Amino acid sequence: MACGRRTDKLRTILIKKNNMIESTRLLLTAFEERDWKAVHEYASRGDILIYEMWGPNTIAQTQAFIENAIIAGQATPRILYEFAIFSKKEKKLIGGCSFKKDVKNPTKGTIGYVINPAYWNQGYATEAARTLLRYVRHDLNIHHIEATCDTENIASQKVLEKCGFQQTGRVNDHLNIKGRKRDTFLYALSQNPDAHVC
């Protein structure tokens with residue numbers, strides 16, 4: 001029953017024209033060059049990127065990210081799907097999310113997401129991730145979806161769990177990030193097309 005209520009609240013409508021995906025409160029769209037300033041608001045924040053391999057960005061690095069996201073969206077075959085997350089209420093870009101196909105196995109891939117801290121604790125990351133997952137499963141027909149997460153990043157772990165991901169392993173001393181050894185949790189989503197993506 002609880003999952004059914006979430007389905008009603010977060011049911012997504014895929015809008016194929018204009019390369020846009022809509023959920024209750026959000027629009028996921030392709031990045032445009034003019035988006036760099038909104039992206040840089042969070043991409044330049046070293047204090048919120050402590051769990052990420054990238055950042056804090058310079059202006060040039062943020063602009064390069066936008067350019068690469070646009071190029072990736074035009075590639076054939078397409079491997080990387082980068083989406084800007086827009087809040088309908090705020091009428092503003094508040095973050096980004098992505099799906100990257102496995103180069104060796106295009107039927108599987110990984111997701112990622114980031115939200116401007118000004119909009120944390122409002123469920124936007126979970127809603128964006130669920131919306132992206134529905135698109136990946138139903139439009140791209142991919143059901144083997146994975147994610148990774150810093151063992152210290154509790155907020156991101158909760159987002160993944162709310163989306164139905166299950167922890168499948170742990171890699172100690174996995175990466176060197178910003179002067180520390182990172183331990184990483186591995187996650188996978190059920191291959192049942194309808195499981196938890198609601």
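Residues numbered from 1 in each chain as written. Predicted model: local features only at pLDDT ≥ 70, side-chain atom pairs only at ≥ 80, totals over all residues. Heavy atoms only, no water.

## Considerations on the pairing of strand E4 (residues 80-87)
How we decide: Categorising residues by exposure relies on relative accessible area from a 1.4 Å probe, with only protein chains included: less than 20% of the type maximum marks a residue as buried, more than 50% marks it as exposed, and the intermediate range marks it as partly exposed. Segments assigned H or I by DSSP are reported as helices when at least four residues long, segments assigned E as strands when at least two residues long, and all are numbered from the N terminus. Here, a strand pair is defined by DSSP locating no fewer than two bridges between the strands.
In terms of residue burial, E4 counts as a mostly covered element, since six of its eight residues are buried. As defined by bridge partners, strand E3 (residues 26-29) adjoins E4 across four bridges and the pair is classed as antiparallel. In the strand pairing of E4, Thr29 is matched with Ala84. Two strands pair when backbone bridges link them, and E4 and strand E5 (residues 92-101) are joined in this way by eight bridges, in the antiparallel orientation.

## Describing the environment of Phe165
Operational definition: The contact criterion used is simple: two residues touch if any of their non-hydrogen atoms lie within 4.5 Å.
In this structure, Phe165 sits in strand E8 (residues 165-177). Not counting residues up to four positions away in its chain, the partners in contact with Phe165 are Ile111, Leu133, Ile145, Glu146, Ala147, Leu160, Tyr187, Ala188 and Leu189.

## A short note on helix H5 (residues 154-162)
Selection rule: Of all possible arcs, the one meant is that of the directions from the helix axis to the C-beta atoms.
Burial in H5 covers these residues: Ser156, Gln157, Val159 and Leu160. One face of H5 carries all of its buried residues, which in axial projection span an arc of 160°. At its buried positions, H5 is contacted by strand E6 (108-115), helix H4 (124-138), strand E7 (144-150), E8 and strand E9 (180-189). A positive phi of about 100° marks Gly164, the residue just after H5.

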